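For reference, the chains in residue letters:
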Amino acid sequence: MPVCGYVLVPEAEGRAVLMDRLSCLPGCEVVPAQNSDVLLLVTTTPGPREDRELRQCIESLPGLDALLLTFGEIDPDTTVGD
């Protein structure tokens, strides 16, 4: 089961809207950083394919300026294609 941590940089004045959009996605837990305008996101998915699909969905969200992977743990018994 892939577990990943991200820092998200929202577009100016778009943090609340982006946080709402992320909260609606399955496997996503999002919290605002206390000392910055960034968001912290933890994702869990059943497998590598679902992880890639979720990441692509997140990358396509309106209001997202940057998505930075800070941690990724993929099950060593699976093959990952990217």
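You'll find the structure just up there.
Attention in this report is confined to the structure presented alongside it. (Residues numbered from 1 in each chain as written. Predicted model: local features only at pLDDT ≥ 70, side-chain atom pairs only at ≥ 80, totals over all residues. Heavy atoms only, no water.)

1. What about the environment of Leu-8?
Inspection of the secondary structure assignment puts Leu-8 in strand E1 (residues 3-10). Accessibility expressed as a relative area gives 0% for Leu-8, which makes it buried. Along the sequence, Leu-8 and Glu-59 sit 51 residues apart, while their C-alpha atoms lie 9.8 Å from each other. Setting aside residues no more than four positions away along its own chain, Leu-8 makes contact with Leu-18, Leu-22, Val-38, Leu-39, Leu-41, Ile-58, Leu-64, Ala-66 and Leu-67. (Helix = DSSP H or I, 4+ residues; strand = E, 2+ residues; numbered from the N terminus. Buried < 20%, exposed > 50% of the residue type's maximum accessible area, 1.4 Å probe, protein only. Contact = heavy atoms within 4.5 Å.)

2. Notes on unusual backbone geometry
Unusually for a residue other than glycine, Glu-13 sits at a positive phi of about 65°. Its place among the elements puts Glu-13 in the loop between E1 and helix H1 (15-23).

3. Observations concerning the sheet that holds E1
One open sheet accounts for 4 strands, arranged E2-E3-E1-E4; its pairing is antiparallel. Looking at which strands have only one partner, the edges of the open sheet turn out to be strand E2 (28-32) and strand E4 (64-73). Neighbouring strand axes in the sheet, compared pairwise and without regard to direction, differ in orientation by 20° on average. Taken together, the 5 bridges between E2 and strand E3 (residues 39-44) define a ladder with antiparallel strand orientation. Bridge pairing in E3 links Cys-28 to Thr-43. Against the sheet, H1 contacts E1, E2, E3 and E4, and its axis sits at roughly 160° relative to E2. Its contacts with the sheet place helix H2 (residues 48-59) against E1, E2, E3 and E4, and it is angled at close to 160° to E4. (Pairing = 2+ DSSP bridges. Axes fitted to C-alpha atoms, helices over the stretch in contact; angles between N-to-C directions.)

4. As for the pattern of salt bridges
Following the criterion strictly, the structure yields 3 salt bridges and no others. In this structure, Arg-49 and Glu-50 form a salt bridge, with 3.2 Å as the shortest nitrogen-oxygen distance. Note on Glu-50: relative accessible area 25%, which makes it partly exposed. By sharing partners, the salt bridges in this structure join Arg-49, Glu-50 and Glu-53 into a single network. (Salt bridge = Lys/Arg side-chain N within 4 Å of Asp/Glu carboxyl O.)

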